[in-house]
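Each chain, written out:
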Amino acid sequence: MSSRVTDDAERVPANGLPLLPDSPTAFMDATWDDVAPYYEALAAAEITPGREREWLTVWSELDAMLGEAGSLAMIAYTANTGDEAAEAAHLRFAMEIYPKVDEQQVRLARKLLALGYTEPGLETTLKKFRTDDAIFREENVPRFAKLEELEAGYDKVVGSLSVEWDGERKTIPQLQPFMQSRDREERERAFRLSAQAYLDKRDELEDIFDRQYALRQEVAQAAGFPDYMRFAFAAKYRFDYSPEDCRHFHDAVEKAVVPVAARQHEYRRQRLGVTTLRPWDLAVNPDTDARLRPFEDTPGFLAPAERIFNRVDSELGGQFRTLEAERLLDLESRPGKAPGGYCTTLQWRGRPFIYMNAVGVHDDVSTLVHEAGHAFHAFLAHPHPYVWQRSSGHEAAELASMSMELLAGRYLARPEGYYSAIDAANAQVEHLEDVLYALPHIACVDAFQHWIYTSGKGGDRDARDAAWLEIRRRFEPSVDWTGLELERVARWLRQSHIFTSPFYYIEYGLAQLGALQVWRDSLRDHPAAVARYKQALALGGTVPLPEMYRTAGVKLVFDAPTMAELVALVEERIETLRSMLRSGEVAAVA
Ligand SMILES: [Zn+2]
């Protein structure tokens, strides 16, 4: 198979452009040596005026084919982690092919920029290419490879954590149900065990981070930035907001959201009948003993989902049916499947794929709805001619998914959805309460990373842990952590983004606040809000972020007054639902 790929690349047609294989399957077993000739041919091709589009189309198709081959390899591996050939193929793409493709991208981008070519809808792509070109340094390539290894090292340490629970080995995620237990002692035991598992590996994890910190600062310096934070803002194409804006975001959360979260904590403390709210009291539902059981099997999972999306919008409902008909869903938990959930895009055929580990709990519904939001984004943006125009940054991507969680939230009750009116109301309260707790956590994780890379002390582990504790107290003042300083330190060791996707976190906050605006608008005029949402998603990556948000009818929020308005709406909704539940007036909720 791989030799055929090379033969194709050597069959260069008269126009000097490489002849691509018929489908991404040709690349499934490819090594870099099989792929390189295509890029060589693109780099060598002479592009006379008027032929830029032809050249860009072949380059885009090649990227889409390799992207799809890599996605298929990841899907095959995560669906069966015991399959060694699948694992090797996945690793070949992740560790060998993609880093090399990234280098070739910069090379071809330079060629394109030198032509001075542009066309409508390509401006944002060109801006990203100019940034890639400006920050690329040959000497950083081995540093990125080393960082890649350290990130894999973190995943390995964390993936191997397990604890003894009633005579059985359990992973940390397997303790989660006990954190929701009505039995406070059980919750405390689960909390302490999972924190201790991280603390047992504290030195190892802090060692990994020390090396990541040093390498990241070196990367930034080599690329001409004062610190890794400034480098990350450029590398993540944050053209439309600055570190200063993020600091305003932190202040605004402290002012507008922390007091509202504290009121929820107080409500929770009273309902649970405890003297102070401890960290193991945060995941249990304070309103009900009932465990939500949304479905028994995969058909029971799919049918309500299809009805819900149909109610949100018939075109989106149709897209969900396409996922089912074309077998682009792998939903149920099975032995050998990798944990977690994701939505990936098969770029060449223009289809998303949703993967998750459903076991019949409410989280599965939330995950499916969230990932479906990403899938609808992929469907709607696919018509753009070039692959780079179809994908957007995380701020836009998470707006798609988080808005869908809120838009679908009102249809969770039967006849469309999974639940009785009472269960649906409880599920909605839980979701909205989570939104209030998530914003301070997001601000905290972001503020901590600002401190790490700009204070000059981020490489000192004692200073680092102390800074985390101080920032944590700022954003979570209403939880009693007395005597649990170490366990509180363990909380940042558990936050994988800080290790493996630095600075990827504020996006969730911006998107959540955008999603709350989509939801607010949908409560007034559902069809109009959904129409704007779809228009925004269809833009893909062709417009700057503020314009994407504007199209959805929302804005990027960094200020306290707007945040206060949005969280007031959430708090009000929670109170309405709770009082309806108490008074038995639940029929109106559905
Ligand atoms: Zn997401």
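So, here's what we can say about the structure. (Residues numbered from 1 in each chain as written. Predicted model: local features only at pLDDT ≥ 70, side-chain atom pairs only at ≥ 80, totals over all residues. Heavy atoms only, no water.)

A look at the environment of Glu96
Within the element layout of this structure, Glu96 appears in helix H4 (residues 84-115). Note on Glu96: relative accessible area 27%, which makes it partly exposed. C-alpha separation for the pair Glu96 and Gln347, spaced 251 residues apart in sequence, amounts to 20 Å. Leave out the neighbours within four places in its chain, and Glu96 touches Thr31, Trp32 and Leu91. Polar side-chain contacts of Glu96 include one of 2.9 Å to the backbone nitrogen of Trp32. (Helix = DSSP H or I, 4+ residues; strand = E, 2+ residues; numbered from the N terminus. Buried < 20%, exposed > 50% of the residue type's maximum accessible area, 1.4 Å probe, protein only. Contact = heavy atoms within 4.5 Å. Polar contact = N/O pair within 3.5 Å; in protein donor to acceptor, adjacent residues only side chain to side chain.)

What about the coordination of the zinc ion?
Where a metal carries four tetrahedral donors, each ideal angle is 109.5 degrees; where it carries six octahedral donors, the ideal angles are 90 or 180 degrees. Taken together, His370 (NE2), His374 (NE2), Glu398 (OE) and Glu398 (OE) make up the full set of protein donors to the zinc ion, lying 2.1 to 2.5 Å away. Because the angles between the four donor atoms bound to the zinc ion fall within 53 to 141°, the donor set is best described as irregular. Linear spacing of the donor residues for the zinc ion on their chain is H-x3-H-x23-E. Here His374, found in helix H15 (residues 362-381), pairs with Glu398, found in helix H17 (residues 394-409); they are 24 residues apart in sequence, far enough to count as distant. We note that His374, like Glu398, is buried. (Donors = N, O, S within 2.8 Å, 3.2 Å for Na, K, Ca; no water. Tetrahedral: all angles 85-135°; square planar, octahedral: opposite > 155°, others 65-115°.)

Description of the pairing of strand S4 (residues 342-346)
A regular strand carries its side chains on alternate faces of the sheet. What you see with S4 is a clean split: Tyr342, Thr344 and Leu346 sit on the buried side and Cys343 and Thr345 on the side with no burial. Bridge analysis of S4 against strand S5 (residues 351-358) gives five bridges, and the strand direction is antiparallel. What sits directly across from Leu346, in S5, is Arg351. Linking S4 to S5, which pair antiparallel, is a turn of four residues; within it Gly350 sits at a positive phi near 70°. (Pairing = 2+ DSSP bridges.)

A short note on the pattern of salt bridges
All chains considered together, the criterion is met by 51 salt bridges. Between Asp207 and Arg461 there is a salt bridge, with its nearest N and O atoms 2.6 Å apart. Remark: Arg461 occurs in helix H19 (residues 461-475) and Asp207 occurs in helix H9 (residues 202-222); sequence separation between them is 254 residues. The partly exposed category is assigned to Asp207, whose relative accessible area is 40%. (Salt bridge = Lys/Arg side-chain N within 4 Å of Asp/Glu carboxyl O.)

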